[in-house]
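# Analysis of the macromolecular model
Letter by letter, the chains look like this.
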Amino acid sequence: CDYIRNESSLVQSADGAFECVISDFRDWLSEQQQSYSIHSSAYLSYDFPVMTPTLFMQRISEFVLSSAAGQGSTYQSYIGFDNISAPTKVQYVAFTFYSNIPIYSSGFDIYEDNDAWQQAVDYVNEMGPTTASNAFQTCEQWVSMWTEVIAVTGTLYSIAIVTLVAFLTMYVFTASFLLSVLGITSIVMTLVVIMGVFYLIGWSLGIVEAIGISILLGSAVDYPLHVIESYIDSTERSSKLFAAKLKSPRRCCPCFSASAT
């Protein structure tokens, strides 16, 4: 608790920014010692750290389960015993902290915070005894973070797959390697322009942008294919001299539709 709450990059510094049963248990033991003489055995039995496992179970259960414990009674859901009526072993201990993670941050920004928290927990596990070295951390924002990171990462893979499939589709329907390359180049340039606009206006590649790009790539395949098909058809009907004139009316509709999209 002391290590993590002193990490200002992880935990807020405001009062009430953390709840730690062990820290409050230590303070409670210190308060109980004030009722006894410093030379009495009772005084030593409330010393911290507690001398024996048996005595520790007596004191921690007294702190958490006794209604007279005040603050300790609020931790009943933060610590689990093997037997609530006669506890002999602590099964788990939970701590809560208010982090410095902005609520509406990008998933990739939160991913860095997740790494920082995981490194802190790994350090705690390394420094702790073997009986308490399986600590893990969790946060509500990790769900949205992983959803966005997976969606964006998947989009990057889908871009490569769509590009390859679109090129093969154009090549199958046109039987022209050169025209297929020109068609797929227009699609890639469309993607480059969109990503460039995202960068210029300061957008990060989030889940909304990732879904939008996926939809756009699917829509962008049809229009170059129409233009290529129109060019092939016009060159078959006339000489190359008049090919450009004949293909213009037929490509008007696809180009207009592409612009509208």
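First things first, this report covers the structure right here in the doc. (Residues numbered from 1 in each chain as written. Predicted model: local features only at pLDDT ≥ 70, side-chain atom pairs only at ≥ 80, totals over all residues. Heavy atoms only, no water.)

Structurally, the position occupied by Q33 is in helix α2 (residues 21-33). The residues contacting Q33, other than those within four sequence positions of it, are Y43, Y46 and D47. (Helix = DSSP H or I, 4+ residues; strand = E, 2+ residues; numbered from the N terminus. Contact = heavy atoms within 4.5 Å.)

Where helix α7 (residues 177-200) meets helix α8 (residues 207-220), the closest approach of the two axes is 10 Å, and the angle between their N-to-C directions is 155 degrees. On the basis of the axis angle, α7 is roughly antiparallel to α8. Of the two possible hands of crossing, α7 and α8 adopt the one that is right-handed. Together, I187, T190, L191, I194, M195 and F198 of α7 and E209, I213, L216, L217 and A220 of α8 make up the contact between the two elements. The class makeup of the residues in the contact of α7 with α8 is 9 nonpolar, 1 polar and 1 charged. (Axes fitted to C-alpha atoms, helices over the stretch in contact; angles between N-to-C directions. Parallel < 35°, antiparallel > 145°, perpendicular 65-115°, else oblique. Left-handed = near helix turned anticlockwise from the far one by under 90°. Nonpolar A, V, L, I, M, F, W, Y, C, P; charged D, E, K, R; others polar.)

What follows is about the packing of aromatic side chains. As enumerated under the stated definition, the model contains 16 aromatic pairs in all. When the centroid spacing of 5.5 Å and the interplanar angle of 90 degrees are considered together, the rings of Y111 and W146 count as edge-to-face. One end of the pair, Y111, is in helix α5 (residues 107-127); the other, W146, is in helix α6 (residues 141-174), and 35 residues separate them in sequence. Owing to a relative accessible area of 29%, Y111 belongs among the partly exposed residues under this scheme. Classification of W146 as partly exposed rests on a relative accessible area of 39%. (Phe/Tyr/Trp six-rings, centres within 6.5 Å; stacked < 30°, edge-to-face > 60°. Buried < 20%, exposed > 50% of the residue type's maximum accessible area, 1.4 Å probe, protein only.)

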